[in-house]
Amino acid sequence: MSDDEHQFESKADAGASKTFPQQAGTIRKGAHLVIKGRPCKVVEVSTSKTGKHGHAKCHFVAIDIFTGKKLEDIVPSSHNCDVPEVVRTDYQLIDISNDGFVSLLTDNGQTKDDLRLPTDDAILTQLKDGFAEGKDLVVTVMSAMGEEQIAALKDIGGKN
């Protein structure tokens, strides 16, 4: 039997690479963590002493990286927590469409047209104003757990 007879085309995503386990006691401020199914950035960590039931507990206060909502969780320090795989990618801005989507240029020359305008008002204003002025803008897209959002932008324009 040759390898040509056994080709599988998988369209399903098991989601295995979206998060990875990490012991709660090793997660520090500034790290990422999944709380209530949302990817978050930890802003505060406090650890309690072991009680009569034997587990020290970690109290996490974190901000959702996409919505900005504050979430909290208490986990025994010896248990594992899910940590999201957070990736930042830079793209050059090509166009802003009337229906609220942006057109971006990837490193390999392809266009990416499936991303909405950011929900953050400060970034949204900078993006629209910079585009209207004809500046060369590069946007930083943060992606985690199947979600993507524009997190930052910078002007790479030449000297005038």
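Residues numbered from 1 in each chain as written. Predicted model: local features only at pLDDT ≥ 70, side-chain atom pairs only at ≥ 80, totals over all residues. Heavy atoms only, no water.

**Some remarks on helix H1 (residues 121-132)**
Right, so step 1: Between its terminal C-alpha atoms H1 stretches 16 Å, which fits the 16 Å expected from twelve residues at 1.5 Å a residue.
Right, so step 2: Every buried residue of H1 is listed here: Ile123, Leu127 and Gly130. End-on view of H1: buried residues confined to an arc of 75°, all on one side of the axis. Facing away from the buried side of H1 by more than 90 degrees, the exposed set consists of Asp121 and Ala132.
Right, so step 3: Against the buried residues of H1 lie strand E7 (87-96), strand E8 (101-105), strand E10 (137-144) and strand E11 (147-155).
Right, so step 4: Following H1 by one or two positions, Gly134 adopts a phi angle in the positive range, close to 80°. (Helix = DSSP H or I, 4+ residues; strand = E, 2+ residues; numbered from the N terminus. Expected span 1.5 Å × (residues − 1). Buried < 20%, exposed > 50% of the residue type's maximum accessible area, 1.4 Å probe, protein only. Arc of directions from axis to C-beta. Contact = heavy atoms within 4.5 Å.)

**Some details on the sheet that holds strand E9 (residues 111-116)**
Right, so step 1: Pairing is antiparallel across the open sheet formed by five strands, whose spatial order is E9-E8-E7-E10-E11. Each edge of the open sheet is held by one strand with a lone partner, namely E9 and E11. For this sheet, the mean inter-axis angle between neighbouring strands, taken without regard to orientation, is 45°.
Right, so step 2: Summarising the sheet, E8 and E9 pair through four bridges and their orientation is antiparallel. Across the sheet, Leu104 pairs through a bridge with Lys112, a residue of E9. (Pairing = 2+ DSSP bridges. Axes fitted to C-alpha atoms, helices over the stretch in contact; angles between N-to-C directions.)

Everything listed here is a matter of geometry and, on its own, says nothing about what the molecule does.
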